[in-house]
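Here is what each chain is made of, one letter per residue.
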Amino acid sequence: MDWTDDSEDDDNISWESDEEAKPENSGPPPATNLPTVEQEDHTGPSRVSPADPSRSKLISHFVGMGFVEDMVTKVIDENGERDVNTLLETLLTYKVIGTSTSSPRPSNNKKKGPDDDFSDISSVDFSDADYVENEIEEEDISEEDRKLLTLVEMGFSTDEAASAVGRCGQNASILELADSIHAAQLAEGVEGPEEEFPWTCWSEDESTTSFIFGASTDKKRIRRWSDIDRRKRMKMYSQGSRNEDDEDLPSLSLPNPMIGFGLPNGRPLLTHRKLPEAAMGPPYFYYENVALAPRGVWDTISRFLYDIEPEFVDSKFFCAAARKRGYIHNLPIHNRFPLLPLPPRTIFEAFPMTKKWWPSWDTRTHLNCLQTCTASAKLTERIRSALADSDDPPSHNTRQFVINECRKWNLVWVGLHKVAPLEPDEIEMLLGFPRNHTRGGGSSRTERYKSLGNSFQVDTVAYHLSVLKDMFPNGITMLSLFSGIGGAEVALHRLGIHLKAVVSVEISEVNRNIVRSWWEQTNQTGTLIDIADVQQLNGDKLEQLIHTFGGFDLVVGGSPCNNLAGSNRVSRDGLEGKHSALFYDYFRILDLVKNIMGKES
């Protein structure tokens, strides 16, 4: 098999590390996908006659979502037709509390957090045979209900999904809705200095499932959808990691917020952990991959890596860009320290010149996960034209279009009505690499974006590896698997840890050249050995390397995430996928190293 890493093309499809990447960008939407009626000179709610075609279309739209026509009509009479989001929020509120429209409950929806990010979010394929064989046709539910069900598939509760729709509107994308839910969870999770951070789990709550369907949906169908939903999710999120008899076993849950075992200068969440005996060093090891992988993936990774609990961390707590990652390692967790100087923590700290042009309605303070590709000039011109042709401030729909694209592509404001994608050197800075780290030496701009999008965030990784400085005062010998552009090597160097020898395994020639150039430019005095393919590392080769260097102090790497990332709509096959199956080579090599070193000790 021709193994590849996450810097290679997959049938000419470039998957970014976490985010949704769409080469084709649609322009600003019409005023709204829902019908609206412009009214003039009304002192109360706008009204039109029942025969008005726009009103009929509006009613039909909400009825199509599953709301009762009488309820829709009354809500429109009470609130008018101009603010469609208010109408939907009111209808959802009535449905949640199960009362008539005469006794609404005030909404207590939280506003969307300004600094939350889209991360590793997948869509659900409703054409799966599991659905067809249960005789549930796609047209049984509306597109809006499908969004709510998709959020439930992703692990959110129905109440969270409904609240997100109320905040963002029914036209919001799945990414927006999930982002809003994460923002609300984060706001609830950090109240008060003494409150424990909550842990979010996959919801199996069937008691509220009926909320996402229309009033005409019978209980039999609700139960049937709930059963199928559970089977679908178990199939989707447990690729190769469970037996059929294990269906009801819990899966690893993700912390919210993702701060690992603790942050610099913060209260540690974990004061002690006991590692299994098989996990003890030497050597130390460190493994990384996307946090929001299909369900069951991290259970499998943890099981293979000696049942060590993953440490999930979002790099937005270390820099101005989000990057949700899981780490499994046998390193100590005490006496960690951050790299100095501390990197910029917000967009304005990282790019102060943008503040002059940043509109007040763009409330972002952090960038989303940095991608392997970038927005086109055509898109940025479309945004400029939309803003230039709008009022000041722009209409709600124009703002929503601009914000969505800015979040998706990490666009920053560089002039009046002008946004631009980040340049490769700016991404290098955000990820903790030296300026021009990926520049030159045959690297094109496209290759630079791809390499950076698949790399470590150096400050985050360095915080975890910092414990090695006192343990290895004379330097370290490292086996670097799937090295990429050398994130671990750069982190150790910046920590002041001498690299006595590094065996770097990386299939991309572009990336190997980048690491080699960095090695020479930083005047490293140790030995750097390049190996192109992990499959070249068999037992004989490892024995030779271990004999040459006296063993490895650290085995580090992050296997390809191509089949794990939420953006992969084609082959998100988990650890059974062509690329992400290379995780098993990480484990194979690590286990060989441990066994060989154990024999020679």
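Since the model is a prediction, treat every value here as computed from it, not as a measurement.

1. Some remarks on the overall build of the protein
Phase 1 of the analysis: In terms of helices and strands, the protein carries 20 helices and 11 strands.
Phase 2 of the analysis: Buried positions account for 56% of the 601 residues belonging to the protein.
Phase 3 of the analysis: If you take every contact in the protein between residues at least 6 apart in sequence, the share linking residues at least 24 apart comes to 74%.

2. Remarks on the packing of helix 13 (residues 424-431) against helix 14 (residues 445-453)
Phase 1 of the analysis: Taken N-terminus to C-terminus, the directions of helix 13 and helix 14 make an angle of 15°; their axes are 10 Å apart at the nearest point. Classified by the interaxial angle, the pair formed by helix 13 and helix 14 is roughly parallel. Classified by chirality, the crossing of helix 14 by helix 13 is left-handed. Counted together, Pro 424, Asp 425, Ile 427, Glu 428 and Leu 431 of helix 13 and Arg 445, Arg 448, Tyr 449 and Leu 452 of helix 14 form the full contact between these two elements.
Phase 2 of the analysis: Its residues placed into classes, the contact of helix 13 with helix 14 shows 5 nonpolar, no polar and 4 charged.

3. Notes on helix 12 (residues 396-409)
Phase 1 of the analysis: The end-to-end C-alpha separation of helix 12 is 20 Å, in line with the 20 Å expected for 14 residues at 1.5 Å each.
Phase 2 of the analysis: Residues Asn 397, Thr 398, Gln 400, Phe 401, Val 402, Ile 403, Glu 405, Cys 406, Arg 407, Lys 408 and Trp 409 constitute the buried set of helix 12.
Phase 3 of the analysis: In the stretch just after helix 12, Asn 410 is the one whose phi turns positive, near 55°.

4. Considering unusual backbone geometry
Phase 1 of the analysis: In this model, Asn 256 is joined to Pro 257 through a cis peptide bond whose omega is 5°.
Phase 2 of the analysis: Following Leu 340, the chain continues into Pro 341 via a peptide bond in cis, with omega recorded as 0°.
Phase 3 of the analysis: Within the element layout of this structure, Pro 341 appears in the loop between strand 5 (324-329) and helix 10 (347-350).
Phase 4 of the analysis: With phi around 65°, Tyr 306 is a residue other than glycine that occupies positive phi space.
Phase 5 of the analysis: Relative to the elements of secondary structure, Tyr 306 occurs in the loop between helix 9 (297-304) and strand 4 (311-314).

5. Thoughts on the pairing of strand 6 (residues 412-415)
Phase 1 of the analysis: Note that strand 6 and strand 7 (residues 418-420) share 3 bridges and pair antiparallel. Bridging from a neighbouring strand, Gly 415 pairs with Lys 418 of strand 7.
Phase 2 of the analysis: Counting the residues in the hairpin turn of strand 6 and strand 7 gives 2 residues, including His 417, whose phi is positive at 65°.

6. Quick look at the pattern of salt bridges
Phase 1 of the analysis: Under the definition given, this model contains 13 salt bridges.
Phase 2 of the analysis: Salt-bridge contacts for Arg 448 lead to Glu 428; the nearest nitrogen and oxygen are separated by 3.1 Å. With Arg 448 in helix 14 and Glu 428 in helix 13, the pair connects residues that are 20 residues apart, well separated along the chain.
Phase 3 of the analysis: For Arg 516, the salt bridge is made with Asp 530, and the minimal N-O distance between the two is 3.3 Å. Of the two residues, Arg 516 sits in helix 18 (residues 509-521) while Asp 530 sits in strand 10 (residues 527-531), which places them 14 residues apart along the sequence.
Phase 4 of the analysis: Given a relative accessible area of 34%, Asp 530 falls into the partly exposed group.

7. Section: the pairing of strand 3 (residues 284-290)
On a regular strand, each side chain points to the face opposite its neighbour's, so the side chains alternate between the two faces of the sheet.
Phase 1 of the analysis: Within strand 3, 6 of the 7 residues are buried, leaving the element largely enclosed by the surrounding structure.
Phase 2 of the analysis: The pairing of strand 3 with strand 11 (residues 554-557) spans 4 bridges and is parallel. The residue bridging Tyr 287 from the neighbouring strand is Gly 557, located in strand 11.
Phase 3 of the analysis: As paired strands, strand 3 and strand 5 are joined by 5 bridges and run antiparallel to one another. Looking at the pairing, Tyr 287 lines up with Ile 328 of strand 5.

8. Some thoughts on the packing of aromatic side chains
Aromatic ring pairs are reported here in terms of the distance separating the ring centres and the angle at which the planes meet.
Phase 1 of the analysis: All told, the structure shown has 16 aromatic pairs when counted by the stated rule.
Phase 2 of the analysis: Seen from their ring centres, Tyr 287 and Tyr 586 are 5.0 Å apart, and the 55° between their planes marks the pair as tilted. In this pair, Tyr 287 is assigned in strand 3 and Tyr 586 in helix 20 (residues 583-600), connecting sequence segments 299 residues apart. For the pair shown, Tyr 287 and Tyr 586 are each scored as buried.
Phase 3 of the analysis: Aromatic side chains Trp 361 and Trp 413 sit 5.8 Å apart centroid to centroid with 85° between the ring planes, which places their arrangement in the edge-to-face category. Note that Trp 361 is positioned in the loop between helix 10 and helix 11 (377-388) and Trp 413 in strand 6, a separation of 52 residues in sequence.
Phase 4 of the analysis: The class for Trp 413 is buried, based on a relative accessible area of 2%.

9. Quick look at the nonpolar core
Phase 1 of the analysis: One finds Leu 465, Leu 468, Leu 492 and Leu 554 to be the most contacted residues of the largest nonpolar core, which totals 65 residues.
Phase 2 of the analysis: Leave out the neighbours within four places in its chain, and Leu 465 touches Tyr 286, Leu 331, Leu 492, Leu 495, Ile 497 and Leu 554.
Phase 3 of the analysis: The next biggest cluster of nonpolar side chains, apart from the first, holds 42 residues, and it includes Leu 254, Leu 537, Leu 545 and Phe 587.

10. Points about helix 13
Phase 1 of the analysis: Restricting attention to buried positions, one finds in helix 13 the residues Pro 424, Ile 427, Glu 428, Leu 430 and Leu 431. Around the axis of helix 13, the buried residues are gathered within 165° of arc, so they sit on the same side.
Phase 2 of the analysis: Lining the buried residues of helix 13 we find helix 10, helix 14 and helix 15 (458-465).
Phase 3 of the analysis: Two residues or fewer after helix 13 comes Gly 432, characterised by a positive phi angle close to 90°.

Cut-offs used in this document
Residues numbered from 1 in each chain as written. Predicted model: local features only at pLDDT ≥ 70, side-chain atom pairs only at ≥ 80, totals over all residues. Heavy atoms only, no water. Helix = DSSP H or I, 4+ residues; strand = E, 2+ residues; numbered from the N terminus. Buried < 20%, exposed > 50% of the residue type's maximum accessible area, 1.4 Å probe, protein only. Contact = heavy atoms within 4.5 Å. Axes fitted to C-alpha atoms, helices over the stretch in contact; angles between N-to-C directions. Parallel < 35°, antiparallel > 145°, perpendicular 65-115°, else oblique. Left-handed = near helix turned anticlockwise from the far one by under 90°. Nonpolar A, V, L, I, M, F, W, Y, C, P; charged D, E, K, R; others polar. Expected span 1.5 Å × (residues − 1). Pairing = 2+ DSSP bridges. Salt bridge = Lys/Arg side-chain N within 4 Å of Asp/Glu carboxyl O. Phe/Tyr/Trp six-rings, centres within 6.5 Å; stacked < 30°, edge-to-face > 60°. Core = buried A, V, L, I, M, F, W, Y, C linked by side-chain atoms within 4.5 Å. Arc of directions from axis to C-beta.

Worth remembering: the numbers are spatial, not functional.
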